Amino acid sequence: MAVRSVSVVVAALAYAATVASRVGAGGQLPETFFDERSAPAIAYATQQPNDPVARLNDRLAAGSAAALSYEPGSGYLRAVLTALAIPVESQLATFAKASVQAPIISPANPRTLFFNDNVVVGWPRGGFIEAASIDPQLGVVFYVLDQRAPSAPRFQRASMCTSCHVSLEATLGVPGLLLRSEAVLADGRTMRQLGFDVVDHRLPFAKRWGGWYVTGRSVSVPSLANVMLNEPIDADFVEMPATIPLATLKGTFDTDAYLSQYSDVAALMVFDHQVHMTNLLARMSWEARAAEGQPDAAMLVDAVAREVVDYMLFVDEAPLTGHVEGSSGFAEWFSARGPADTRGRSLRQLDLNQRLLRYPCSYMIYSDTFDGLPRLAREAIYRRMHTVLSGEDQTARYARLTAADRRAIIDILRETRSGLPDYFR
């Protein structure tokens with residue numbers, strides 16, 4: 001297996017080098033732009049965040065929100081999810097020792113993740129609560145919450161997370177979300193020497209979900225889910241995808257203290273898409289802000305917009321090879337969120353037979369992250385979307401977007417996306 005390369009990174013690096021050599025030390029883009037603390041237009045490390053977790057902290061400090069209630073076993077987890085409007089049905093479970101809490105993570109004690117469009121919360125039994133919260137300006141901001149039942153619990157910003165969560169290959173050089181598939185031993189140790197994949201919706205299912213539990217009513221697609229290796233391992237070992245169905249997590253490990261019996265396949269497929277979409281939007285936001293006022297700013301933003309739009313429209317999505325159906329209730333929660341047009345169509349309608357979404361356009365177009373993009377970046381995305389959806393770009397790469405898909409997406413956006421440019425109408 002190999003880490004996926006992303007063309008936007010190459011383009012961005014080339015641009016940064018060009019601008020840095022031309023602008024010099026006094027310019028907006030220093031040569032060390034890819035250090036998240038170095039660009040004055042970003043100020044990631046010093047700017048006060050305005051993300052959902054930061055706002056929750058403010059409400060708690062002001063007494064305008066009820067104090068987080070503590071439960072035996074899971075601590076503040078349920079209260080945090082409720083305060084951040086994250087459904088328990090979104091629970092995902094990974095047994096790979098691949099986070100800051102690796103020592104306590106194993107197949108018998110997995111780390112669970114919960115998410116909505118703007119926040120990811122992580123927790124393993126016996127550990128503290130982690131949060132990756134999305135600020136429209138800064139991108140992904142990391143926090144931890146002590147589980148030792150203090151009288152006034154508060155999230156603390158966790159700068160140490162960026163030691164792993166800043167990567168050119170996985171997060172596009174900005175602090176971002178990270179999702180891997182890799183071989184894992186029966187005790188949870190990762191076998192990274194065998195290789196790994198960074199997961200998003202473009203990765204074939206046969207390579208997805210190594211180190212993850214996956215549950216559902218129907219999970220007929222072969223993957224690396226629910227697989228644990230034993231030692232010794234043959235040096236020439238090649239992972240073979242399989243279908244290992246789990247209806248629930250019950251009986252797989254002691255689920256006492258965990259909030260759900262599921263690691264839902266539909267939730268995981270949505271998460272696969274959302275992780276990279278979040279990082280792309282953050283990357284584009286940083287590019288546009290740091291390049292503001294430079295003569296080549298529009299050229300850079302247009303180049304990045306092409307990459308963003310291709311991903312938003314699922315141009316390279318790996319096809320499903322079989323029907324999948326979750327059982328946690330996540331699919332119903334997700335699809336009900338809308339917004340829908342007058343014909344009841346929504347960009348959150350799931351397909352799960354041949355692809356993730358019924359209408360292949362990312363629901364993240366409604367997100368605070370998208371709304372927070374600089375005007376130049378947002379306009380570049382809209383222009384490129386219209387070029388593709390209108391059929392003006394006839395290149396073979398967009399042939400999988402049928403005329404019916406394109407028409408439906410435009411119609412849905414017209415009725416549900418405020419601020420859509422007039423040329424869509």
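Looking only at helices and strands, one finds 10 helices and 11 strands in the protein chain. Scored against the burial criterion, the 425 residues of the protein chain give a buried share of 58%. Taking contacts inside the protein chain between residues at least 6 apart in sequence as the whole, the part at least 24 apart equals 65%. Counting only carbon and sulfur atoms, one obtains 52% of the accessible surface of the protein chain, whose full area is about 17100 Å².

So, about the packing of aromatic side chains. Applying the stated criterion across every chain yields a total of 16 aromatic pairs. Ring centres 6.4 Å apart and planes at 80° place the aromatic pair Tyr143 and Phe155 in the edge-to-face group. Linking Tyr143 in strand 5 (residues 139-145) with Phe155 in the loop between strand 5 and strand 6 (156-157), this pair joins segments that are 12 residues apart in sequence. Relative accessible area serves as the criterion here: at 3%, Phe155 is assigned to the buried category. Members of the aromatic cluster, connected to one another through ring pairs, are Phe115, Phe271, Phe330, Trp333, Phe334 and Tyr363.

What follows deals with the packing of helix 5 (residues 265-291) against helix 9 (residues 375-389). Viewed as axis vectors pointing N to C, helix 5 and helix 9 meet at an angle of 125°, and their least axial separation amounts to 8 Å. For the element pair helix 5 / helix 9, the angle class is oblique. Mapping the contact onto sequence places Leu281, Met284 and Ala288 in helix 5 and Ala377, Ala380 and Ile381 in helix 9. Counted by class, the contact of helix 5 with helix 9 contains 6 nonpolar, no polar and no charged residues.

What follows covers the nonpolar core. By size, the foremost hydrophobic cluster in this structure holds 122 residues, and its most contacted members are Val121, Ile381 and Met385. The greatest single-element share of this core, amounting to 16 residues, is contributed by helix 5. Apart from residues no more than four positions distant in its own chain, Ile381 is found in contact with Leu281, Met284, Ala305, Val308, Val309, Met312, Phe370 and Leu373.

Reading the values: rules and limits
- Residues numbered from 1 in each chain as written.
- Predicted model: local features only at pLDDT ≥ 70, side-chain atom pairs only at ≥ 80, totals over all residues.
- Heavy atoms only, no water.
- Helix = DSSP H or I, 4+ residues; strand = E, 2+ residues; numbered from the N terminus.
- Buried < 20%, exposed > 50% of the residue type's maximum accessible area, 1.4 Å probe, protein only.
- Contact = heavy atoms within 4.5 Å.
- Areas by Shrake-Rupley, 256 points an atom, 1.4 Å probe, with all protein chains shown as cover.
- Phe/Tyr/Trp six-rings, centres within 6.5 Å; stacked < 30°, edge-to-face > 60°.
- Axes fitted to C-alpha atoms, helices over the stretch in contact; angles between N-to-C directions.
- Parallel < 35°, antiparallel > 145°, perpendicular 65-115°, else oblique.
- Nonpolar A, V, L, I, M, F, W, Y, C, P; charged D, E, K, R; others polar.
- Core = buried A, V, L, I, M, F, W, Y, C linked by side-chain atoms within 4.5 Å.

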